[in-house]
Structures are given as C-alpha cells and as structure tokens.
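Summary of structural features
One-letter residues, chain by chain:
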Amino acid sequence: MDGTYQGQDTKGNQWQWPPSRDFLDAYWMPFSGNRHFKANPRMVVGAEGMHYKLADGRDLMDGIAGLWCCNAGHGRKRISDAIKNQIDELDYSPAFQMGHYKAFDLANRLTAMFPGDINHAFFVNSGSESVETALKMALAYHKARGEGGRTRLIGREKGYHGANFGSTAVGGMTANRKMYGNLVTGVDHLRHTHGIEENRFTRGEPQHGAEFADDLERLVELHDPSTIAAVIVEPLCASAGVILSPKGYLERIRAICDKYGILMILDEVITCFGRIGKPNASEFYGIVPDIVCTAKALANGIIPMGATLVRSHVYDAFMHGPDYMVELFHGYTFSGNPMACAAAHAALDIYEEDGLYYKGTTLGPYWEDAVHSLKGLPHVRDLRNLGLIAGIELEPIPGAPGKRAFDLWWKAFQRGLLIRTTGDTIALSPPLIIEKEHIDFAFGLLAELLAEQDKAA
Ligand SMILES: Cc1ncc(COP(=O)(O)O)c(C=O)c1O
C-alpha cells in the first residue's frame, strides 16, 4: 500500500485499493458510466489547492473546479473553519417562520453583487432547485398579478438547467430528456446557437448570431404572448459543450421579453462568482434579468447551497394580503442552512480578497492563447473560450459519438489531469486560483494527447 490511502471504514478495517467490485456495487453513481467506473475505480481521498489526491497515491490536477464549483480551489481552511465554528454556534434553525443573521446578511451581500434592482434572494440547495424555484416563481408571479394564463415556459435547445422535472423540461440536451416521458408540459424551446460557421475558432465572445434571439419572436407568435410566463437561458451553455452566446444575443432576448411582458430568467449556476472574469454574467453582459439562478461556487462547492435572486417587481407582486399569511408556498427544509451560509460568506470573502472574480480577466489572455494553441491538431473542429472556460470540440469518430472525447478524458486522467466531456467536446473550467504553470501543464498534456490520437488507434 506504499503511497496509497490509509483510511479506514466504519468498522476499523483498512480501505482496500483497488476496492472490490462487491464493495462498489451498492452505490448507483449519478451521471456516470457505472460499469466503467466499477471496472476502473477512481477514488478521491483528499484535495488541496489545484489538486486531488487519489487512492492510488497519485495527484490529479483539477481542470474543472470539481463540477464548475470549487472556484477558490480545495482545502480552504477559512471555509472549513467557518463551517466548524458555525456548527458549534448554531447547527440548524428552522427555515420557515424563523431566521438567523447569516442568511439575511448573505441575502444583502448577494443582491449587492448584481446590477439594477435585483434586491431579493431565496435560498435553495442546488442549481436544480434554484431553477425549479425560478420557474415556480415565474408562474406564481403572473398568477398573483392576475395573468394566470401565462403558464408556458421557454427554454433553449442544448440548455442544461438541472435534473429535476422542471429543470429537465426547460433543458434541451436530448439524452437528459428522452427517458422521462412528458416531463412538464407547456414548454417550448428556442433554437440553439451552436455550429455557426463564422464563429469557429473565435477568441472570446463570438461575433455572429445575435439574430438567433429573434427565434423568441417566432415562439411568441406561435403561442401568443399572453400564454408565456418566462424564458430561461444560460449565459453560455456550459454542459452542452461551452456554447457561447453571440455578442448582443442576451441583450436581444432581454428586449423581446420586455416587449411582451415575459420574465427573463438567467441561469447563472455556472457563470456566477467569477467564472467569466466578472462577478456574474449579468454584469458581464450588462443586462438585468428578472430572476437569476445561482448555486455551485456560492459556497465553493463545499456545502450544497444556492440562491434564486429576483428583481423588486417580482418580490413585490407577492407582498399582498394579510401579513401572517405565507406569500409563496415554496421552500426547502435546508433553505439558508446556517452551515451553508457560513461557508458562502467565507467563500465570498476569499473571492473578494484574492481578486478571484476578475481572475478570468487578468489571466484570461494567457488562458485564451493556451486554448487556441490547440488549433490544427488532429480532429479539433472548434475552440471556444471565455473567462476561465474552454471548449474543445472534436470530430466524432464515425458511428461512435462521444468516444473520441471519452478516450481523451481517460488518457488525461491517467496522466494526471481531470477534464470533462460532453458528447465530443472537452470542457475545462479550473479553480480560479489557477496559475500559468497549471495552464501550461493542462494544455501541454492535451496537445500531446490530441497529437497522439491516430497513432494510438
Ligand atoms: C447552468 C446550470 N444550471 C443548473 C444546474 C444544476 O445544478 P445542480 O447539479 O447543482 O442541481 C447546472 C449543473 O451543472 C448548470 O450547469
């Protein structure tokens, strides 16, 4: 076991490396190839800074900030201390009809980060819940204002908004939808903005395709605006392969929503907290959505935590009737959990003090050069980047979609780099503490692996 993990199970037995198939069988892993994993286990036993420690003793560079969530990197003592202190002070307080200071403080802090009158925060435990909350709020908002006929929700092809029923319904990644029947009905989708020929190999924001936003006009005409409650889009479709919004696209969606009284929901679950070189995408794109979804990096991915933020007119629409009455029949046992709030405050402290909100701007040009250095390597079909995000789109192997990227993922893992794949696109979204040496390692390795592809085949 030299160099391998020495931890013990609850009965005091040494963990086995590699673990037996029998031991691995009971856990049905989410969004995973369970059979591949159980035949090739990848056990993480520690994490520090930019790296994971694996059970076999190897280090693995985190090229994806966990799942786009550990923006301040791993092992941040300030956050773990905040959580420990919070447990001793107040472990849990009921989320309904009771409050604690840190939740109110966090609501003030978060709303101050956003432009315009985004003045209210509703706490949730994940991105999916943040979206679910936003969708329910949108329906209830129109009902509260006497426009209960506005029940239709508009998502976008290739969008990803989470794994619950509502978030799956407005999402547009076919593999995520096709097994689940009707999902939520009354949902339609904008066309996606992927594959615009003139945008291939663009550095940063793509210049072509703002007019794709006019697809919303088509849906408005088809369904009639009086039936549409809200449109939900990501600032960039991260999970579908880093599909960036064309310059001017989101502004145009905002304008069309205004024209027809439709709420605009911006799903910032990935983009909020520095991922694209500004504190959030609303600021980056200069728009004020009616509702914003956040989660992931809010507590640096350490404790489940999210927030759905709304403009004043949304909140105010509910603040009527007798004051002892519940205004919105929605919420979660763990909404605004004290530990999650403490972790979030500590994470925001780090982001602010270490300049991480702007790291994608300061280190962005170096990152961009590294991304585009892969141009011309075998089977590289497109390269996309924004802030500290990269999408490397590859030509699929005929008849085996996703296999080319998966093979690269596996090789990168064996060589000490964790990346993510979706279809045949590789995505990178490292902790924002990344430095040039890490970028050199990641793109140096990827260049090698890309160059080797056909030799290996
Ligand atoms: C844009 C977006 N929204 C929502 C979600 C769902 O978040 P969670 O997995 O925390 O439910 C994700 C997750 O990747 C996401 O990327």
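Quick caveat: nothing in here was measured; it's all calculated off a predicted structure.

In terms of regular secondary structure, the protein is built from 17 helices and 17 strands. Relative to the 2.2 N^0.38 estimate, which gives 23 Å for 457 residues, the radius of gyration of the protein is 22 Å and therefore close to what a compact globule would have. When the backbone C-alpha atoms are referred to their principal axes, the protein occupies close to 65 × 55 × 45 Å. The buried share among the 457 residues of the protein stands at 46%. Contacts spanning at least 24 positions in sequence make up 71% of the contacts within the protein whose residues lie at least 6 apart.

Moving on, we get to the sheet that holds strand β16 (residues 420-422). If you trace the four strands from one edge of the open sheet to the other, you get β13-β14-β17-β16, paired in antiparallel fashion. A single partner strand is all that each edge strand has here, and the edge strands are β13 (380-386) and β16. Here the average twist between neighbouring strands, direction ignored, is 20°. Of the strand pairs in this sheet, β16 and strand β17 (residues 425-428) are connected by three bridges, and their pairing is antiparallel. Directly across from T421, in β17, lies its bridge partner I426. In this fold helix α15 (residues 364-372) packs onto β13 and β14 (389-394), with an angle of close to 175° to the strand it touches most, β13.

On to the nonpolar core, then. Formed by 127 residues in total, the largest nonpolar core has its most connected members in V231, I265 and A343. Element by element, the count of residues in this core is highest for helix α13 (residues 338-353), at 10 residues. If you count residues domain by domain, this core takes at least three from each of domain 1 (42-72 + 358-456) and domain 2 (79-353). The residues touching I265, leaving out its near neighbours within four places in the chain, are A134, A138, A230, V231, I232, P289, D290, I291 and C293.

Think of an α-helix as turning once every 3.6 residues; residues three or four places apart then point the same way. End to end, helix α10 (residues 249-260) covers 17 Å across 12 residues, agreeing with the expected 16 Å (1.5 Å per residue, within 8%). When α10 is considered as a whole, its buried residues turn out to be Y249, L250, I253, R254, I256 and C257. For α10, the angular spread of buried residues about the axis comes to 165°, placing them on one side. More than 90 degrees from the buried face of α10, the exposed residues found are D258 and K259. Of the surrounding elements, those touching the buried residues of α10 are α9 (215-223), β7 (228-233), β10 (263-267) and α11 (281-285). Just past α10, the residue G261 takes up positive phi, approximately 70°.

To continue, consider the domain arrangement of the protein. The assigned domain composition of the protein is domain 1 (42-72 + 358-456) and domain 2 (79-353). Placing a centre on the C-alpha atoms of domain 1 and another on those of domain 2 gives a separation of 27 Å. Listed per partner, the contact involves 31 residues of domain 1 and 25 residues of domain 2. Sorting the residues of the side of domain 1 that touches domain 2 by element identifies α3 (65-68), α14 (359-362), α15, β13, β14 and β17 as the ones contributing at least two each.

This part covers the site of the ligand. The immediate surroundings of the ligand are formed by 15 residues, with S126, G127, S128, G162 and V269 found nearest. Each residue belonging to the shell around the ligand can be placed in one class, and the counts come to seven nonpolar, six polar and two charged.

Turning our eyes to something else, we now look at unusual backbone geometry. The amide bond that connects W17 to the next residue, P18, takes the cis arrangement and shows omega of -5°. Along the chain, the position of P18 falls in the segment before α1 (21-24). Phi is positive for Q97, close to 65°, though the residue is something other than glycine. One can find Q97 in the loop between α4 (77-89) and α5 (101-113).

Before going further, it helps to spend a moment on helix α16 (residues 403-414). The end-to-end C-alpha separation of α16 is 16 Å, in line with the 16 Å expected for 12 residues at 1.5 Å each. Within α16 the residues assigned to the buried category are R404, A405, L408 and A412. Seen from one end, α16 has its buried residues packed into an arc of 90°, which puts them on one side. Looking one or two residues beyond α16, the residue adopting positive phi is G416, at roughly 100°.

Here strand β1 (residues 44-48) runs beside strand β2 (residues 51-54); their pairing, made up of four bridges, is antiparallel. Across the sheet, residue E48 finds its bridge partner in β2, namely H51.

The geometry of α5 relative to α13 is characterised by a closest axis approach of 9 Å and an angle of 40° between their N-to-C directions. Compared by their axis directions, α5 and α13 come out oblique. Crossing of α5 over α13 shows left-handed handedness. Taken together, the residues of α13 that come into contact with α5 (itself represented by K102, A103, L106 and R109) are P338, C341, A342, A344, H345 and L348.

Basis of the calculations
Residues numbered from 1 in each chain as written. Predicted model: local features only at pLDDT ≥ 70, side-chain atom pairs only at ≥ 80, totals over all residues. Helix = DSSP H or I, 4+ residues; strand = E, 2+ residues; numbered from the N terminus. Rg over C-alpha atoms; globule rule 2.2 N^0.38 Å. Buried ≥ 20, exposed ≤ 12 C-beta atoms within 10 Å, placed from the backbone. Contact = placed C-beta atoms within 7 Å. Pairing = 2+ DSSP bridges. Axes fitted to C-alpha atoms, helices over the stretch in contact; angles between N-to-C directions. Core = buried A, V, L, I, M, F, W, Y, C linked by C-beta atoms within 7 Å. Domains from an automatic or database assignment. Expected span 1.5 Å × (residues − 1). Arc of directions from axis to C-beta. Near = placed C-beta within 6 Å. Nonpolar A, V, L, I, M, F, W, Y, C, P; charged D, E, K, R; others polar. Parallel < 35°, antiparallel > 145°, perpendicular 65-115°, else oblique. Left-handed = near helix turned anticlockwise from the far one by under 90°.

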